[in-house]
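Examination of the molecular architecture
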Amino acid sequence: METVLSGLPARIWRGFVDLVTPSLCLSCGTPVGEAASLCVVCWGRLKLLEEPVCDALGTPFAYDQGEGALSGAALSDPPAWDRARAAVLFEEEAAKLVHALKYRDRPEAGLLMARMMARAGRRLLAQADVILPVPLHVFRLWLRRFNQSALLAQRISRLSGTPWRHDVLIRARSTRAQVGLDQGARRRNVRNAFTVRPGRLAEVAGRSVLLVDDVRTTGATAEACALALKKAGAARVELLTFALVQFPAKPHI
């Protein structure tokens, strides 16, 4: 767990940092008025996901079909989770933020992403008992040094007041990276890869769990996590991601 400055010392420190290092757009580097933000031009390039959306998949509707409406895709192939929301579509500008956090050691990108996710998932957060990040296998965590989903879960927890845990859902076996795999291969790759730690079953049983990840492509990873959580007794599993690949025929990430 990270150490966080609070109170007056934190405000003094933030003021000093802002003075000596002007805030820059996370995407293009243009000066901006607030840290961990985008300039007007880059913000305008994001494809925000606003209601109305499919309640189960979070995919956009062309018009309002009423509360709880489901898309044809959700009806024909229901997901393992109960509801899902995402902040943006995974397109070029969103990809820059995801890659800045995931591959370029830019945790401030995670601050912006978490704020946007908390807004998009406010209805899910209102009913969640606990927030759990999609876990990395211990070996991959050692290589990458941090789990971007855990960082997002922690930030969303602070914004919403909903508790989060990083030691409940675990990746029980190492899997190959999902990049480049089609939907069927992704599902086979992560099947039975996740489990709830035996000593943490009480954190899940009978509770509403909010699963957090950075990007949903085919949903294979989230599905495997949801199945593990339901098997452990979760009453509901809901999914919140920063970005959603709307048409994942050609995997993006």
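Residues numbered from 1 in each chain as written. Predicted model: local features only at pLDDT ≥ 70, side-chain atom pairs only at ≥ 80, totals over all residues. Heavy atoms only, no water.

**With respect to the environment of Glu-67**
Mapped onto the elements, Glu-67 comes out in the loop between helix 2 (40-45) and helix 3 (72-76). It is 9.2 Å that separates the C-alpha atoms of Glu-67 and Val-53, two residues lying 14 residues apart in sequence. (Helix = DSSP H or I, 4+ residues; strand = E, 2+ residues; numbered from the N terminus.)

**Notes on the sheet that holds strand 2 (residues 130-133)**
Judged by pairing direction, the sheet is parallel, and its 4 strands sit side by side in the order 1-6-5-2 without closing on themselves. The open sheet is flanked by strand 1 (83-89) and strand 2, the only strands paired with a single partner. The average undirected angle you get between the axes of adjacent strands in this sheet is 20°. With 8 bridges joining them, strand 5 (residues 208-216) and strand 6 (residues 236-244) adopt parallel strand pairing. Looking at strand 6, one finds that Asp-213 is bridged to Thr-241. Set on the sheet, helix 5 (residues 107-120) makes contact with strand 1, strand 5 and strand 6; between it and strand 1 the angle comes to about 135°. (Pairing = 2+ DSSP bridges. Axes fitted to C-alpha atoms, helices over the stretch in contact; angles between N-to-C directions. Contact = heavy atoms within 4.5 Å.)

**Structural notes on the side chain of Arg-85**
The residue Arg-85 is located in strand 1 in this model. We classify Arg-85 as buried; its relative accessible area is 7%. Residues contacting Arg-85, with those up to four places away along its chain left out, are Glu-51, Val-53, Cys-54, Asp-55, Ala-120, Gly-121, Leu-124, Leu-239, Leu-240 and Thr-241. (Buried < 20%, exposed > 50% of the residue type's maximum accessible area, 1.4 Å probe, protein only.)

**A closer look at unusual backbone geometry**
The omega torsion across Glu-51 and Pro-52 is 10°, close enough to zero to call that bond cis. As for its position among the elements, Pro-52 is in the loop between helix 2 and helix 3. In this model, Ala-36 sits at a positive phi of 55°, which is unusual for a non-glycine residue. Looking at the element boundaries, Ala-36 is found in the loop between helix 1 (7-20) and helix 2. Its identity is not glycine, yet Asp-105 carries a phi of approximately 55°, on the positive side.

**Examining the packing of helix 5 against helix 8 (residues 148-160)**
At their nearest, the axes of helix 5 and helix 8 sit 9 Å apart, and the two run at 55° to each other. Of the possible angle classes, the one that applies to helix 5 and helix 8 is oblique. Like other packed secondary-structure pairs, helix 5 and helix 8 cross with a definite hand, here right-handed. Between helix 5 and helix 8, the residues in contact are Pro-107, Gly-110, Leu-111, Met-113, Ala-114, Arg-115, Met-117 and Ala-118 and Leu-151, Leu-152, Arg-155, Ile-156 and Leu-159, respectively. Counted by class, the contact of helix 5 with helix 8 contains 10 nonpolar, 1 polar and 2 charged residues. (Parallel < 35°, antiparallel > 145°, perpendicular 65-115°, else oblique. Left-handed = near helix turned anticlockwise from the far one by under 90°. Nonpolar A, V, L, I, M, F, W, Y, C, P; charged D, E, K, R; others polar.)

**Focus on the environment of Ala-128**
As for its position among the elements, Ala-128 is in the loop between helix 6 (122-127) and strand 2. Judged by its relative accessible area of 14%, Ala-128 falls in the buried class. Once the C-alpha coordinates of Ala-128 and Val-209 are considered, the two residues, 81 residues apart in sequence, prove to be 5.7 Å apart. Residues in contact with Ala-128, not counting those within four places in the same chain, are Thr-162, Ser-208 and Leu-210.

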